[in-house]
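Analysis of the macromolecular model
Spelled out from the first residue to the last, the chains are:
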Amino acid sequence: MPALAATRRGPRERGFFTFIEMLLATLVLALAATATAYWVETVNGLSMDADEQTVGQSLVKVMEGIVAPLAFREPGGMNFGPEPGEQLGDYDDLDDFHGLMASPPLDFQRQPQATLAEWSVAIVVEPVDPETLQVTATSDLRRVRVTAERKGRTVAESWWLRARAPAE
Ligand SMILES: [Ca+2]
Ligand SMILES: [Ca+2]
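Residues numbered from 1 in each chain as written. Chains lettered and ligands numbered in written order. Predicted model: local features only at pLDDT ≥ 70, side-chain atom pairs only at ≥ 80, totals over all residues.

**As for the overall build of the protein**
A tally of helices and strands in the protein yields 2 helices and 4 strands. What you see in the protein, going N to C, is helices and strands ordered as α-α-β-β-β-β. Residue burial in the protein is summarised as follows: out of 168 residues, 15% are buried. (Helix = DSSP H or I, 4+ residues; strand = E, 2+ residues; numbered from the N terminus. Buried ≥ 20, exposed ≤ 12 C-beta atoms within 10 Å, placed from the backbone.)

**Observations regarding the nonpolar core**
If you look at the biggest cluster of nonpolar residues, it comprises 16 residues, and the most contacted ones within it are Met63, Val67 and Ile123. Looking at which element gives the most residues to this core, the answer is helix H2 (residues 19-67), with 5 residues. Other than its neighbours up to four places away in sequence, valine 67 contacts Leu94, Phe97, Ile123 and Val144. (Core = buried A, V, L, I, M, F, W, Y, C linked by C-beta atoms within 7 Å. Contact = placed C-beta atoms within 7 Å.)

**Some words on the sheet that holds strand S4 (residues 153-163)**
Through backbone hydrogen bonds, the strands of a sheet pair up, either in parallel or in antiparallel fashion. Strand order in the open sheet formed by 4 strands is S1-S2-S3-S4, with antiparallel pairing between adjacent strands. Each edge of the open sheet is held by one strand with a lone partner, namely strand S1 (101-102) and S4. Bridging between strand S3 (residues 141-150) and S4 involves 10 bridges; their strand directions are antiparallel. Across the sheet, the residue bridging to leucine 141 is alanine 163, located in S4. (Pairing = 2+ DSSP bridges.)

**A few points about the pairing of S3**
Pairing of strand S2 (residues 119-127) with S3 involves 9 bridges; the strand directions are antiparallel. Its bridge partner lying in S3, tryptophan 119 is registered against arginine 150. Adjacent in sequence and paired antiparallel, S3 and S4 are bridged by 2 residues, among which lysine 151 carries a positive phi angle near 50°.

**Observations concerning the pairing of S2**
Strand direction decides the pairing type here: S1 and S2, joined by 2 bridges, are antiparallel. Pairing of alanine 102 across the sheet is with valine 121, part of S2.

**Looking at the environment of glycine 56**
Take glycine 56: it is sitting in helix H2. The spacing of glycine 56 and tryptophan 119 is 63 residues in sequence and 8.4 Å in space, taken between C-alpha atoms. In contact with glycine 56, not counting residues within four places along its chain, are Ala148, Arg150, Val155 and Ala156.

**Focus on unusual backbone geometry**
Here the amide bond leading from serine 103 into proline 104 is cis, since omega sits at 0°, within 30 degrees of zero. Within the element layout of this structure, proline 104 appears in the loop between S1 and S2. With phi around 65°, arginine 110 is a residue other than glycine that occupies positive phi space. Within the secondary structure, arginine 110 is located in the loop between S1 and S2. A positive phi angle, close to 50°, is found at lysine 151, a residue other than glycine. Lysine 151 sits in the exposed class, given 8 other C-beta atoms within 10 Å.

**Structural notes on the confidence of the model for the protein**
Summarising the model, the protein shows a mean pLDDT of 86, and 82% of its residues fall at 70 or more. Here helix H1 (residues 2-6) stands out as the element of the protein with the lowest mean pLDDT, 51, in contrast to S2, whose mean of 98 is the highest. (pLDDT = per-residue confidence, 0-100.)

Shown next as structure tokens:
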């Protein structure tokens with residue numbers, strides 16, 4: 001009978017939580033707190049990844065800015081790589097940068113960015129066949145690949161093709 005069930009608890013008990021109810025509420029709160037902490041941690045992780053991506057892409061852009069305007073090859077020279085006596089500051093054609101590995105990465109003035117000690121950038125310049133894009137011994141087409149790494153892990157990269165202009 002409903003009336004009997006209602007009288008099982010004393011008037012003082014009605015309106016208060018039982019011990020089991022308190023326990024369950026505590027458990028639910030604890031689970032909610034854990035889920036929130038996990039969510040915050042995940043969001044922080046994504047944010048850090050996004051920051052890393054931004055830095056990596058910026059470093060690649062800097063190298064593109066240095067290398068892209070350069071001549072296809074040394075005027076009058078047939079050397080692949082830096083010409084004798086050329087240092088980084090003198091590099092004036094595309095293939096001078098082949099094999100460059102800068103850690104820390106360079107800024108637009110080709111100076112190391114000391115605050116980015118965990119980072120490095122690398123450039124590979126290769127002659128490729130115009131039809132197959134396979135690396136070949138000599139070609140009027142170059143493939144340039146720039147990668148930015150953090151602690152040895154590639155974060156950003158880009159590559160492009162550069163054809164020799166008639167005058168080069
Ligand atoms: Ca040169
Ligand atoms: Ca050269």
